[in-house]
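# Descriptive structure summary
Each chain, written out:
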Amino acid sequence: MSMVSLLASLVMVGAGCVAFAAIAVTVRAQLPAVRKLLAESRALAADREFLVEITTTSMPAPPRMPVRTRRAPVRLVKSAQASTESRWRAAA
């Protein structure tokens, strides 16, 4: 009976070692992708800092030109009532 328990223990240890090796191979294969991701994260942080810097330091606004008030537009078309009154005067 002790031989079966020893064999089961060895199988479990072997499965653990295989799992550990699979994890190590996966991590090693993904190292370039992780490095690329970290470099991209650093680049984004630098871009963010640059954008904050250029948006917070602004040039003073130029002096504003004085604004003239506009005249009301002159109406060139006579109203309908004025045209009928002029016809009545001409007829009289």
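Owing to the predicted nature of the structure, the values given are computational and were not obtained by experimental measurement. (Residues numbered from 1 in each chain as written. Predicted model: local features only at pLDDT ≥ 70, side-chain atom pairs only at ≥ 80, totals over all residues. Heavy atoms only, no water.)

## Looking at the overall build of the protein
Of the regular secondary structure elements, the protein holds two helices and zero strands. Here the protein holds 92 residues, and the buried ones make up 0% of them. (Helix = DSSP H or I, 4+ residues; strand = E, 2+ residues; numbered from the N terminus. Buried < 20%, exposed > 50% of the residue type's maximum accessible area, 1.4 Å probe, protein only.)

## Side note on helix 1 (residues 2–56)
The terminal C-alpha atoms of helix 1 lie 75 Å apart, and with 55 residues this matches the ideal 81 Å at 1.5 Å per residue to within 8%. The largest bend in helix 1 amounts to roughly 45° and is located at L31, with the proline P32 lying one to four residues further along. (Expected span 1.5 Å × (residues − 1). Bend = angle between axes of the 7 residues up to and from the residue.)

## Points about a nonpolar patch on the surface
A contiguous nonpolar patch, built from M3, L6 and L10 and spanning about 340 Å² of accessible area, is present on the exposed surface. Checked against the element boundaries, M3 lands in helix 1. What makes M3 exposed here is its relative accessible area of 62%. (Patch = residues over 30% accessible without salt bridge, like charges linked within 9 Å, V, L, I, M, F, W, Y side chains within 5 Å. Areas by Shrake-Rupley, 256 points an atom, 1.4 Å probe, with all protein chains shown as cover. Salt bridge = Lys/Arg side-chain N within 4 Å of Asp/Glu carboxyl O.)

Honestly, that's just the spatial picture; any functional story needs more than this.
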